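Examination of the molecular architecture
The residues making up each chain are set out below.
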Amino acid sequence: MIRLHRNYVRAVRQARAAQDLFGPLQNAIELEHSTIPPYFTATASLVAGKNEAIAGLIRAITMQEMLHMCIASNILIAIGGQPQINRPGFVPEYPGPLPMHIGGPDFTVGIEAFSRDLVKQVFMQIEEPEQPIPVHEKAEIEPEYETIGAFYRALQAKIVELGDGIFEPSSLPNQVVQGNWFPPDQLFAITGADSAVRAIDIIVLQGEGSSSSPYESPDVLAHFYRFGEIHAGRALVKTADGYAYAGAPIPFDDNGVYPLRPNCKLAQFTPGTQAHTRLAQFIYSYNSLLNALHTCFNGQPGRLDAAIGLMYSLRIEAVALVQTPVAPGSAQNVGPSFEYMQT
Amino acid sequence: MSYLDQPRLNFSGMFQADVSTINNDVTNYDNATFTPEKQKLSKDSWNPEGTGNFRLIDCQITGGVLDGKLLSSAQDDPAIGMLLENARERVYGKLVDLDPQQQMVSAIWGMQLRLSDGAGANLFVGDYEPAAFINLWKRQQHESAFHDQTLAAIYQSVLSQVAWKCDHGSPLLAALHAASEQGWLSINMNLYGYGRDPSIPRYTLGYVAGSIGPWRQGSPKHFVPGRQMIPAFSNVMTPAHGVSFFTCLVQEQRRRISADFGNCLPIEGADGGFQNLGRLLLAVDRGNPDGPLDTVSAASVAILGEVGYQNGNARAQQDWYARTAGIEDFDYSQLDPWIAQNIGSRPLLLLTPVAGSGEVPSSYQVLVQESFGGLYARADSIVYRLNPDETVAAEMYATRYGQPLATTLVFGTQLGLMPSSQPPTINTGKLDYPEQLNTDAGGRAQLRIHAPAAGPGNPRGYIDGQLYGIGWQMPAQPKDSPQNIWNFISLLAYDRVATPAVPAWYPDIQPILQQYANLYPIMSRHLIDLADYDSVVAHVRILDLAFSLPQSDPNHMPVTRDLSDAKRAMILRWLRQPGTDGKPLKGKAAAPRTAPPNEAEARPVLALDPLQTAGKTAVFMAYQAYQARQGGKP
C-alpha cells in the first residue's frame, strides 16, 4: 500500500482558508509530476518495434499523470494560488523519495530502464489503491501513514467544507483547459466545490480504480491494475472468484530493452563526449518544458501548445540518448536525467 | 546597420545541426521504389534518424567592441562571459534544405536566441529570422575525422521582437540597445568544422564564431551593404589564392574600416587552426583598375593594416578568432591622409608580400580584390517557396563602393534545374518577373516574382514542384567581373494540385505522408507512423496543431517546410472531417493494377546526372553550365 505521512493529510484537514490549501495542492502537483520521469524513462528504454504493447500501456498512464498535474494546477489556480513548476525542489532527487514521503521512509524511486521488477517494486507501489481489489494478495496499512487516496479525499472534504466562496471567478481565464488535449469530461474548468470534487475523483479513479472495481471506466483499467498486467504478462480478467491476471498474454521481449545505466547525472559524464552532449540537450529541453508549463499555468494558458511541442521533442531526443553508450565501447547506455537547471 | 557596425558583441562555441540525411538523395522521394534498406546508416546517409534540430552549444560572449575599444573580459564589461543560449520555453530551431536538388541554401527556421547571465537573468531574447547560409567554400583543408564536412559558410540574419532587460550594468549592452531600432539586432555566424562521423564526439556538431550588432529598419537583414571582396575561384569551392569572399564596412566620418575575416581564411583542421598564408594586409589601391590584379607595387597601394590571425602561437591565434570572430577594425585617421580622401572611390585589396621583396616589401601579391568598379547587387533573401499564382517580392540592393547606387539590374534566364528529358513532354511552366529593373536613389528595387496559376506541371513526378534559380547582372559592371557564385535566388515553385473537398486517406493523404515516413524515420519509428492510418488517426490533435502552425514556428510540420499550401490545407481538412466512426475518412485502397499504364499516365522519368543523386547537385550543375558558357574558364 502506497502511503504518505499522516501529517500531510492532517494539514489538509486543519485548513481554515483557501491559502491553507495552497501548500497541499502544490504538493499534489509535484506528486503527479514526480511519477512522469520514471514512467517516461521506462517507455524510452523500450526498443522501437519491440514491446510496443507495454510501451503503449505505460505511455497512456503517463498521459493521465499529465492530466492529473493539470487538474491539480487548475484547482490551485481556481482558489487563487500560483503553481510553482520551474523552481528548485520541484523535481525530486532521483533516486529518492517522492513528494510527501510517498511510500514511507524506505521507498525510493529511481530513473531506470524497463523491467518487470521495476513495475512491481516501484510503479505498482506508487499506484497502489486505498482498498485494492484482491488479486491474489493483500496489503496492510501502517497506522502512522495514510494513502494518496486518503490525501485526495481529505482535500475534497475540505474544499466542500470551505465552500464555493474560496473560488475566484477571475481565475477562470488562467486555467488550462483548452486545446482538446484531454477529453472535456476529464479536463474542465474548476468553478466551485462541485467541479473540484469531480476533478479530484478523476485523479483517484484513474490511479486506483474504485473500491469495488479495478476499472476507472467500463473499458479502462486503473493504473495499478494496468501495471499489474504488465508485471504478470497477462491481461486482467474476471474469474469465478474475483479478478485474476489470466487473460490474453502481454508479451515481453527482454532483448527489446536498452541497457540504460540507472540514475544518470550530467556530472558523471565528460564534457565534449557524445554522452554528455546528448544528456545535456535532454536536460535543457526538460527544463524548457518546466519553464513552458510554469508560464502556461501562471497566466498564459495559450503556451500549452509550445509545452506539448517540447514533450514530443523530449521523446525524440530520448531516442538518440538511450542508444548512446555511457562511454565508447561500454555495454551500458545513457539514461535520461531529470535535473533542475536554471536557464 | 549591421553586426559589422559598433557596438558589437562576439561569441564562440559549438552548434549542432542534427539534419536528417535520407532526403539527400532525390531518388529516395520515389515512394514506388523506396525500400527500408535506404533508411540505414551509410556514408551517404550518415544521420538517417536526424531530428532537424539546430541549436547552439556552450556559446559564450568572448569579446566586444565599444567606441573603438576592444573588450575581452568581464572586467572590461559584464557582458563578456555571458551565454548566448537557445530558447528557454520552446523547442530548438530547425535546419531545413530547400529541396534535395538545392541543398546549398539550408536555412535555420524557428530559432530563438537569448543572452543569459547564467544565473537566471536574460538580457535579451529575440527570434532569429529564417536565413539561408551563403558564401559556402572549402575552408577546412584537411579532414580531422572520417568524412568531415570541410565546407564552411555564414548565416546572417536579424533577431526580431527582441525583449530587453535593462538593469544589467553593462555599458556595451546599453549602447547596443540604444543603437538598435526597436531593439532589433543584426547577427552573423561563421560555421565550420562540422563532423559527420557517428563514432566521434563532434558527430552532428561543428564550431561557430559570430557577432551581434545593431540593426535599423531599411537595412538589409542578410548581408552587409559594404565593400564586397570577390576572389577568383579555381574551382567551385576553392578560391584561387586561398582566401574566400569577405565584406568590409568603411565609416568615413570615423576614419574606420571594419573587415570581416570570419569565414574567408582557410583552416587546417576542424578545430579552426589557421593555415599559414603569410602576412595578410588590407589596402586601398591608389589607382582605379577595372580588371584583375596579380601583383602590385608598394607605391601603388596604401596599407590600412595587418590581419591579426597569425599573432602568437596557435592558442593565441584561436583566442584572436574567438574574441573577434575574425573582425578587424582599422583606424586610418593617423595614416596617410590620401586614404581618407580616396577610400570611398578606390578598390580595397587583400595583399601578401611577394617572397623576397624585402623586409619592407616592395611588391605584393593580390589575394582578393573588391568587386570591379566597386559594383555589387544582391537580393536580401535568396530563398523562396512559391505556391501557384503566388507572388513574392525580393528586395534588391545595388551599391558602388558600399554606397547606394541608382542603376539597372538585368535578370538572368531562369534555370529549370530538373527537367524531364523523356516523353511525355511536360510543361515546366515559367516564373514571371521583369527582365530588368532600375534601383532607386537608395539603391533599392523590388523584384516581384510570380508563379503561374497553372504551376510548373509536375515535371519531377514523384517530387513536388520545380526548382528555379534567378541570377542578375549590372550592365555597368565590367565584363568578366568575378562574381560570388552564391549570389542568386533559389525558388521552389509548387505544383498546382486539385484537392477534393472531402479527402480520404488512401487516395489523397497516404501518398503524401508515406513520403515523409520514408524520409524521416525518427518521426515514424518513434512518434507517429505517418504511413499507417491507425497510427495517424490516433494522433489527430497533435497533427492538426503541427500542420496548422505557421512556418516560422519551430513545431511547424512538415519540419522540411516543403509542402504546398494546397496540400497542407487538404491534410487539415481531412483531419477535421471525421466519418461516422469519428475518425478521418479512410477511403478505399487502390485496386492492384492489372494493365500496364498507358502513355498519358506514364510517370515522368527524371534525367539524373550522377552528381544529382549525391546531394550537392543543382549548384554544381549550374556552375558547370556557367563554365561551359565561359569556354571552360572558372
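Owing to the predicted nature of the structure, the values given are computational and were not obtained by experimental measurement.

This brings us to the overall build of chain A. Assigned secondary structure in chain A consists of ten helices and six strands. Relative to a compact globule of 343 residues, whose C-alpha radius of gyration would be 20 Å, chain A shows 20 Å and is just as compact. Here chain A holds 343 residues, and the buried ones make up 59% of them. Long-range pairs, those at least 24 residues apart, make up 73% of the contacts in chain A between residues at least 6 apart in sequence.

Turning our attention to the overall build of chain B. Per the secondary structure count, chain B includes nine helices and 34 strands. Computed over the C-alpha atoms, the radius of gyration of chain B is 26 Å, within 12% of the 26 Å expected from 2.2 N^0.38 for a compact globule of 634 residues. In terms of its C-alpha atoms, chain B occupies a principal-axis envelope of roughly 85 × 60 × 50 Å. Relative to its full complement of 634 residues, chain B shows a buried share of 58%. The positive charge centre, built from 50 side chains, and the negative charge centre, built from 60, are 2 Å apart in chain B.

Take the nonpolar core next. In terms of nonpolar packing, the biggest core is built from 147 residues, with Phe 151, Tyr 152, Phe 167 and Phe 227 of chain A together with Leu 513 and Leu 530 of chain B touching the most fellow members. At 13 residues, the largest contribution of residues to this core is made by helix α4 (residues 52-78) of chain A. Other than its neighbours up to four places away in sequence, Leu 530 of chain B contacts Trp 505, Leu 513, Gln 514, Tyr 516, Ala 517, Met 523, Ser 524, Val 536, Leu 543 and Met 557 of chain B.

Residue and element names in this part refer to chain B. It is the contact of helix α7 (residues 540-548) with helix α8 (residues 565-576), at a shortest axis distance of 10 Å, that shows an interaxial angle of 155 degrees. Taken as axis vectors, α7 and α8 run roughly antiparallel relative to one another. Crossing geometry of α7 relative to α8 is assigned as left-handed. Mapping the contact onto sequence places Val 540, Leu 543, Asp 544, Phe 547 and Ser 548 in α7 and Arg 568, Ile 571, Leu 572, Leu 575 and Arg 576 in α8. Here the contact of α7 with α8 is composed, by residue class, of six nonpolar, one polar and three charged.

A few words now on the packing of aromatic side chains. All told, the structure shown has 32 aromatic pairs over all chains when counted by the stated rule. Ring geometry for Phe 224 of chain A versus Tyr 225 of chain A: centroids 4.9 Å apart, planes at 90 degrees, classification edge-to-face. On the accessibility criterion, Tyr 225 of chain A (0% relative accessible area) is buried. Relative to Tyr 321 of chain B, the ring of Phe 274 of chain B has its centre 5.6 Å away and its plane inclined at 85 degrees; by these criteria the two rings are edge-to-face. Note that Phe 274 of chain B is positioned in the loop between β18 (256-260) and β19 (281-285) and Tyr 321 of chain B in helix α2 (residues 314-324), a separation of 47 residues in sequence. Exposure remark for Phe 274 of chain B: the relative accessible area of 9% places this residue in the buried category. Given a relative accessible area of 4%, Tyr 321 of chain B falls into the buried group. In textbook terms, an aromatic cluster arises when at least three aromatic residues are bridged by ring pairs, as seen for Phe 15, Trp 46, Phe 54, Phe 133, Tyr 155 and Tyr 194 of chain B. Sitting above the plane of the Phe 188 of chain A ring, Arg 198 of chain A keeps its charged end 4.4 Å from the centroid. Directly above the ring of Trp 338 of chain B sits Arg 286 of chain B, whose terminal nitrogen or CZ lies 4.8 Å from the centroid.

All names here are of chain B. This prediction gives chain B a mean pLDDT of 91; 91% of its residues lie at or above 70. With pLDDT under 50 throughout, residues 416-427 is counted as low confidence; its partners more than four residues away or in other chains account for 31 contacts. Between residues 613-617, whose pLDDT stays under 50, and residues either more than four places distant or in other chains, the model counts 13 contacts.

Our next topic: the sheet that holds strand β23 (residues 348-353) of chain B. All names here are of chain B. Taken together, five strands build an open sheet; the order of strands is β20-β24-β23-β19-β21 and the sheet is antiparallel. The outermost strands of the open sheet, each flanked by one partner alone, are β20 (295-297) and β21 (301-306). Pairs of neighbouring strands in the sheet enclose a mean axial angle of 45 degrees, with direction left out of account.

To continue, consider the interface of chain B and chain A. Across the contact, 33 residues belong to chain B and 33 residues belong to chain A. For the pair chain B and chain A, the two sides together bury roughly 2,700 Å², of which 53% comes from carbon and sulfur. Across the chain B-chain A interface, the total number found is zero salt bridges. On inspection of chain B and its partner chain A, the count reaches twelve residue pairs in polar contact (both at pLDDT 80 or more). At the level of secondary structure, the elements contributing two or more residues to the side of chain B that touches chain A comprise β2 (53-66), β4 (83-86), α5 (521-526) and α7 of chain B.

Turning to α2 of chain B, its buried residues are Gln 317, Trp 320, Tyr 321, Ala 322 and Thr 324 of chain B. Turning to α2 of chain B, the residues buried within the fold contact β1 (8-17), β2, β12 (185-192), β13 (205-214) and β22 (327-331) of chain B.

A separate point is the sheet that holds β22 of chain B. All names here are of chain B. Read from one edge to the other, the open sheet built from four strands follows the order β14-β17-β18-β22, with strand pairing classed as antiparallel. Strands with a single pairing partner mark the edges of an open sheet, and in this sheet they are β14 (227-229) and β22. Looking at each pair of strands side by side, their axes are set apart by 20 degrees on average, direction ignored.

Our focus in this paragraph is the pairing of β2 of chain B. Residue and element names in this part refer to chain B. Within β2, twelve of the 14 residues are buried, leaving the element largely enclosed by the surrounding structure. Direction of pairing for β1 relative to β2: antiparallel, over a ladder of nine bridges. Each bridged residue has a counterpart across the sheet, and for Leu 9 the counterpart in β2 is Gly 64. Bridge count for β2 against strand β5 (residues 93-96) is two bridges, and the pairing is antiparallel. In the sheet register, Asn 53 faces β5, and the bridge partner there is Lys 94. Relative to β4, β2 runs antiparallel, the two being bridged by two bridges. Looking across to β4, one finds that Cys 59 is bridged to Leu 84. Taken together, the three bridges between β2 and strand β3 (residues 69-71) define a ladder with antiparallel strand orientation.

Basis of the calculations
Residues numbered from 1 in each chain as written. Chains lettered and ligands numbered in written order. Predicted model: local features only at pLDDT ≥ 70, side-chain atom pairs only at ≥ 80, totals over all residues. Heavy atoms only, no water. Helix = DSSP H or I, 4+ residues; strand = E, 2+ residues; numbered from the N terminus. Rg over C-alpha atoms; globule rule 2.2 N^0.38 Å. Buried < 20%, exposed > 50% of the residue type's maximum accessible area, 1.4 Å probe, protein only. Contact = heavy atoms within 4.5 Å. Lys, Arg positive; Asp, Glu negative; His and termini not counted. Charge placed at Lys NZ, Arg CZ, Asp CG, Glu CD. Core = buried A, V, L, I, M, F, W, Y, C linked by side-chain atoms within 4.5 Å. Axes fitted to C-alpha atoms, helices over the stretch in contact; angles between N-to-C directions. Parallel < 35°, antiparallel > 145°, perpendicular 65-115°, else oblique. Left-handed = near helix turned anticlockwise from the far one by under 90°. Nonpolar A, V, L, I, M, F, W, Y, C, P; charged D, E, K, R; others polar. Phe/Tyr/Trp six-rings, centres within 6.5 Å; stacked < 30°, edge-to-face > 60°. Lys NZ or Arg CZ within 6 Å of the ring centre and 35° of its normal. pLDDT = per-residue confidence, 0-100. Pairing = 2+ DSSP bridges. Buried area = accessible area lost by both parts, 1.4 Å probe. Salt bridge = Lys/Arg side-chain N within 4 Å of Asp/Glu carboxyl O. Polar contact = N/O pair within 3.5 Å; in protein donor to acceptor, adjacent residues only side chain to side chain.

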